[in-house]
Amino acid sequence: MFETFSISLNGITDLPPGKLAAIVTSLEMRAAPPLRPDPPGTGGLSLEQIGAADTARYLSIYRVLGERWMWFSRLVKPAAYSEAILADAAVLCFVVRLDGRDVGLLELDFRVAGEGELAFFGLEESVLGKGAGRWLMNRALELAWARPISRFWVHTCTLDHQSAPEFYQRSGFEAFKRSIEVVDDPRLAGHLPRAAAPHHPVIDG
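To start, this report covers the structure provided alongside it.

What counts, and where the lines are drawn
Position numbers for residues start from 1 in each chain and track the written sequence from start to end. In keeping with the model being predicted, local features are shown solely for residues with a pLDDT of at least 70 and side-chain atom pairs are shown and tallied solely at 80 or more, while totals for entire chains, interfaces and linings include all residues. Think of the side-chain values as coming from all heavy atoms in the structure, minus any hydrogens and water. Numbering goes from the N terminus for both helices and strands, where a helix is a DSSP run of H or I of at least four residues and a strand is a run of E of at least two. In this description the radius of gyration comes from C-alpha coordinates, and the expected globular size is given by 2.2 Å times residues to the power 0.38. When a residue's accessible area, from a 1.4 Å probe over protein chains only, is under 20% of the maximum for its type it is buried; when over 50% it is exposed; and in between it is partly exposed. Pairing of aromatic side chains here covers Phe, Tyr and the six-membered ring of Trp, requires ring centres within 6.5 Å, and sorts the geometry by plane angle: under 30 degrees stacked, over 60 edge-to-face, intermediate tilted. Here, a charge over a ring is recorded when the distance from Lys NZ or Arg CZ to the ring centre is within 6 Å and its angle to the ring normal is within 35 degrees. Residue contacts follow a heavy-atom distance rule, with two residues in contact if any of their heavy atoms lie within 4.5 Å. Surface patches are defined over residues having more than 30% relative accessible area and no salt bridge, joining like charges when they lie within 9 Å and nonpolar side chains (Val, Leu, Ile, Met, Phe, Trp, Tyr) when within 5 Å. What sets the accessible areas is the Shrake-Rupley method with a 1.4 Å probe; for residues, cover comes only from the shown protein chains. Every case where a carboxyl oxygen of Asp or Glu lies within 4 Å of a side-chain nitrogen of Lys or Arg is listed as a salt bridge. Charge convention: Lys and Arg are scored as positive, Asp and Glu as negative, and His as well as the terminal groups of each chain are ignored. For the purposes of these results, a polar contact is taken to be a pair of N or O atoms within 3.5 Å, where, inside protein, one atom must be able to donate a hydrogen and its partner to accept one; residues adjacent in sequence count only when each atom of the pair is a side-chain atom.

## Digging into the overall build of the protein chain
If you tally the helices and strands in the protein chain, you get four helices and seven strands. Since a compact globule built from 205 residues should have a radius of gyration of about 17 Å, the 18 Å found for the protein chain is in line with a globular shape. Structurally, the protein chain occupies a C-alpha span of about 50 × 35 × 35 Å along its principal axes. Split into buried and exposed, the 205 residues of the protein chain put 45% on the buried side.

## Looking at the packing of aromatic side chains
For the structure on display, the rule yields nine aromatic pairs. Seen from their ring centres, Tyr62 and Trp71 are 5.3 Å apart, and the 50 degrees between their planes marks the pair as tilted. Both residues of the pair, Tyr62 and Trp71, belong to the buried class. Aromatic rings pair up to connect Phe121, Phe152, Phe167, Tyr168 and Phe173 into one cluster. Taking NZ or CZ as reference, Lys77 lies 5.2 Å from the ring centre of Tyr81, over its face. One residue, Arg147, lies across the ring of Phe110, its end atom 4.6 Å from the ring centre.

## Quick look at the environment of Leu15
Looking at where Leu15 falls in the secondary structure, it is placed in the segment before strand E1 (19-29). The exposure class of Leu15 is partly exposed, given its relative accessible area of 32%. With 136 residues separating them along the chain, Leu15 and Arg151 place their C-alpha atoms 35 Å apart. With sequence-adjacent residues up to four places away left out, Leu15 is seen in contact with Phe5, Leu20, Ala21 and Val182.

## Regarding a nonpolar patch on the surface
Judged by side-chain polarity, Phe5, Ile7, Leu9, Leu15, Ile23 and Ile180 come together as a nonpolar surface patch covering roughly 540 Å² of accessible area. Position of Ile180 among the secondary structure elements: in strand E7 (residues 174-184).

## Re the side chain of Asp160
Within the secondary structure layout, Asp160 lies in the loop between strand E6 (151-157) and helix H4 (164-170). No salt bridge is formed by the buried Asp160; the nearest opposite charge belongs to Arg68, separated by 11 Å. Among the polar contacts made by the side chain of Asp160, one reaches the side chain of Thr156 at a distance of 2.8 Å. Beyond its immediate sequence surroundings of up to four residues, Asp160 is in contact with Trp69 and Trp71.

The structure is reproduced here in structure tokens:
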């Protein structure tokens, strides 16, 4: 059963212990933007497509990348949930490779006719600030707009990197909606380490 409570739209709302709240910003583009050049020094990066047989690998890189930013939606479900998504022909999932290692994740979801969602986009700390983000976004845009879509969209939230909305806007997305998401803190159920995302302290009452 879903819990309910009232949120003030003009002031502060106290959350029950064990809950997290995030402001979600949704962004979209309705046509392919001009591609920006790949940054210098990114020639060693590559994409490797993965599928249902790679579910364990997928969840491993998902956990590594997402621990700092509280990615948990796939971790709170049985592995079979992710396996079914990876098996869907309308979902494209890739790991980013560098020097023989998995350093990033790109997941594109085309299950809604005529549109694509940038479902997951993440890179390991070791490659951030070196042009890898722009390189990966270029690949995402190429892959998305190679499909017969009229809309490509993404959502980010205040649990993510603080520069994410600006990065998406520089990439050609425009914000169109803001939402409030309230969830159970996944650290309390053991889905993520208690030390994950220390910039959002655990409050368990």
